[in-house]
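Residues per chain are reported as follows:
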Amino acid sequence: MNAGIDSFMEGLRARTPGEAEFHQAVLEVVESVWDVYDTNPRYKQAKILERMVEPERTIMFRVPWSNDIGEVEINRGYRIEFNSALGPYKGGLRFHKSVTLSILKFLGFEQTFKNSLTTLPMGGGKGGSDFSAKGRSDNEIMRFCQSFMTELFRHIGPNTDVPAGDIGVGGREIGFLFGQYKRIRNEFTGVLTGKGLGWGGSLVRPEATGYGAVYFVQHMLNEIGKTIEGKTFAVSGFGNVAWGAISKINELGGKVVTISGPDGFIYDPDGISGRKVEYLLELRESNNDVVAPYAEEFGVHFFPDAKPWQVKVDIAMPCATQNELNEDDARMLNSNGCFLFAEVSNMGCTSDAVNYFVNNKLTFAPGKAVNAGGVAVSGLEMSQNSMRYNWTSEEVDKRLHLIMQDIHDTCTKHGKADGYINYVKGANVGGFVKVAEAMLAQGLV
Ligand code: 2IT
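Throughout what follows, the structure given in this document is the object of discussion.

Cut-offs used in this document
Residues numbered from 1 in each chain as written. Predicted model: local features only at pLDDT ≥ 70, side-chain atom pairs only at ≥ 80, totals over all residues. Heavy atoms only, no water. Helix = DSSP H or I, 4+ residues; strand = E, 2+ residues; numbered from the N terminus. Buried < 20%, exposed > 50% of the residue type's maximum accessible area, 1.4 Å probe, protein only. Contact = heavy atoms within 4.5 Å. Areas by Shrake-Rupley, 256 points an atom, 1.4 Å probe, with all protein chains shown as cover. Lys, Arg positive; Asp, Glu negative; His and termini not counted. Charge placed at Lys NZ, Arg CZ, Asp CG, Glu CD. Pairing = 2+ DSSP bridges. Axes fitted to C-alpha atoms, helices over the stretch in contact; angles between N-to-C directions. Polar contact = N/O pair within 3.5 Å; in protein donor to acceptor, adjacent residues only side chain to side chain. Expected span 1.5 Å × (residues − 1). Near = heavy atom within 4 Å. Nonpolar A, V, L, I, M, F, W, Y, C, P; charged D, E, K, R; others polar. Salt bridge = Lys/Arg side-chain N within 4 Å of Asp/Glu carboxyl O.

### Section: the overall build of the protein chain
- In terms of helices and strands, the protein chain carries 17 helices and 14 strands.
- Seen through its C-alpha atoms, the protein chain measures out along the principal axes to roughly 60 × 60 × 45 Å.
- Residues counted as buried form 56% of the 445 residues belonging to the protein chain.
- In the protein chain, once contacts between residues fewer than 6 apart in sequence are set aside, the share between residues at least 24 apart is 71%.
- Looking at the protein chain as shown, the accessible area adds up to about 17800 Å², and 49% of this sits on carbon and sulfur atoms.
- The distance from the centre of the 45 positive side-chain charges to the centre of the 53 negative ones in the protein chain is 5 Å.

In structure tokens, the structure reads:
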């Protein structure tokens, strides 16, 4: 490794001990942009990279609430306002028992570059809590969301910081959070995205992350002279992102043969289509966080405690969570004939897996490019809220198409060399340069 990168990372690790996921996300970006950084005295003098890895503001707070049997429960809430060079902080809230400061810092850091890639005016932020909806009643979820917002409201606003959903935060939670914000502030504003259609939400927002990812895959396939028609896909996860991706793959003539949950994966060789896709929504609404019931419902095979990467497919799309696909998985997929890897989850692949893909010049694109359609349509929701007007689904979908194409063009511009597109480098450099230039223009803040 390069000595400059080494000493940069050593400094970061010393300042942020124990934040392994954050270090992983930073290292990937620093490795990609180091040449650009090291040869640009304007960036170096202004210590742009050193500033980028320090969040502008980190908020941590107590979230007390009482459960259905009257016991007191305490969770920890967070909002990391990472970078506002390009616009108000923007990024999701994750409610899951695995949430830590390190996880939200990695997500907020990545969000900054992802949002930059979308071409829309959004800074980067992320937040959430170690609260999990698993086994909770709707009333408990509402009380938790209300308590969470009772502290968060003072830090956010439509021109300051606009949260949205992520793992564990969907339409139901956004509704509870929005209601409490409106009640406390006495303001009906676009302070959150992912809102319901009748009260400020945007058409296509629920589908946007999955649809956008598939549009991006279409561009990747186009580069290697292929199309989605007739291809088989391994998808992981079974939530909103997997659901959107599967719907669009079906529409374009592909076949998805796997989904997964924390309990294992489903192999459905006939393809997950029709009613089976809608069934994913029922699974989620059950608050159980398992996929095994799908096997019983549709008479297919369930593989407990296993990941879907052992199945023979053409294309792999991890859609669940960070570090869900490691180097062994990558090798196994590749040796079974898989030729395209589109990371849809944020940092879904381990560093070793990413290095394996790139060093072997395989067609791989990172989450911050592939999954950016979600936050992009959040940006379009903000635009519509500002105009107090709603676009049709055709209008939103058209803009989503253009944005995904733009991101692919940016990746190609900064990542293509000797006929190979290094999407990791392309996305990181493309995202970085725009943020760096804005930071320089805005002075030492
Ligand atoms: O990771 C992500 O980009 C999201 N969870 C969506 C963020 C947003 O503000 O829509």
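### Description of the sheet that holds strand β6 (residues 232-235)
- The mixed open sheet is built from 7 strands, whose spatial order is β9-β8-β7-β6-β10-β11-β12. Edge strands, defined here as strands with exactly one partner in the open sheet, are β9 (301-304) and β12 (363-365). On average, adjacent strands in this sheet sit at an angle of 15 degrees to one another, irrespective of strand direction.
- Relative to strand β7 (residues 255-261), β6 runs parallel, the two sharing 3 bridges.

### Quick look at the sheet that holds strand β1 (residues 57-66)
- Across the sheet, which stays open at both edges, the 5 strands sit in the order β1-β2-β4-β3-β5 with mixed pairing between neighbours. In this open sheet, the two strands that pair with only one neighbour each are β1 and β5 (161-164). For this sheet, the mean angle separating the axes of adjacent strands, direction not counted, is 20 degrees.

### So, the environment of Asp-138
- Along the chain, the position of Asp-138 falls in helix α6 (residues 138-152).
- The class for Asp-138 is partly exposed, based on a relative accessible area of 45%.
- With 270 residues separating them along the chain, Asp-138 and His-408 place their C-alpha atoms 40 Å apart.
- Setting aside chain neighbours within four positions, we find Asp-138 in contact with Arg-172, Phe-176 and Asn-287.
- Polar side-chain contacts of Asp-138 include one of 2.9 Å to the side chain of Arg-172.

### Quick look at helix α9 (residues 240-251)
- Between its first and last C-alpha, α9 extends 17 Å over 12 residues, near the 16 Å set by a 1.5 Å rise per residue.
- Where α9 is concerned, the buried positions are Ala-242, Trp-243, Gly-244, Ala-245, Ile-246, Lys-248 and Ile-249.
- Buried residues along α9 sit against α8 (205-223), β6, β7, α10 (275-285) and β10 (315-317).
- Positive backbone phi, approximately 90 degrees, marks Gly-253, located one or two places after α9.

### Focus on the site of the ligand
- If you check the shell around the ligand, you find 13 residues, and the closest are Lys-90, Lys-114, Asp-166, Arg-205 and Ser-378.
- One nitrogen or oxygen atom from the side chain of Asp-166 is found 2.9 Å from a nitrogen atom belonging to the ligand.
- Out of a free accessible area of 290 Å², the ligand has 94% covered by protein chains.
- Sort the elements by how many residues they give to the shell around the ligand and strand β3 (residues 89-95) lands first, with 3 residues.
- For the shell around the ligand, the residue count by class is 2 nonpolar, 6 polar and 5 charged.

### Re the pattern of salt bridges
- Scanning the entire structure with this criterion turns up 23 salt bridges.
- Two residues, Glu-19 and Lys-105, come together in a salt bridge whose shortest N-O distance is 2.8 Å. Note that Glu-19 is positioned in the loop between α1 (3-15) and α2 (20-38) and Lys-105 in helix α5 (residues 101-117), a separation of 86 residues in sequence. For the pair Glu-19 and Lys-105, one class covers both residues: buried.
- We note a salt bridge from Asp-166 to Lys-126, for which the minimum N-O separation is 3.0 Å. Of this pair, Asp-166 sits in the loop between β5 and α7 (171-185) while Lys-126 sits in strand β4 (residues 124-129), and the two are 40 residues apart along the sequence. Taken as a pair, Asp-166 and Lys-126 share a single burial class, namely buried.
- One network of salt bridges, with partners in common, ties together Glu-28, Glu-110 and Lys-368.

### Quick notes on the side chain of Thr-209
- Within the secondary structure layout, Thr-209 lies in helix α8.
- Thr-209 has contacts with Val-241, Asn-371, Gly-373 and Gly-374, leaving out every residue within four places of it along the chain.

### Details of the pairing of β5
- Residue alternation in β5 divides its side chains into two sets, Asp-161 and Pro-163 and Val-162 and Ala-164, and both sets are buried.
- Inspection of the sheet shows β3 paired to β5 by 4 bridges, in the parallel sense. From the neighbouring strand, Gly-91 faces β5, where its bridge partner is Pro-163.

### Observations concerning unusual backbone geometry
- In this structure, Arg-388 takes a positive phi of about 50 degrees despite not being glycine.
- Following the sequence through the fold, Arg-388 ends up in the loop between α15 (372-387) and α16 (393-415).
- In this structure, Asp-418 is a non-glycine residue whose phi angle is positive, near 50 degrees.
- In this structure, Asp-418 sits in the loop between β13 (416-417) and β14 (420-421).
- You can call Asp-418 exposed: its relative accessible area is 79%.

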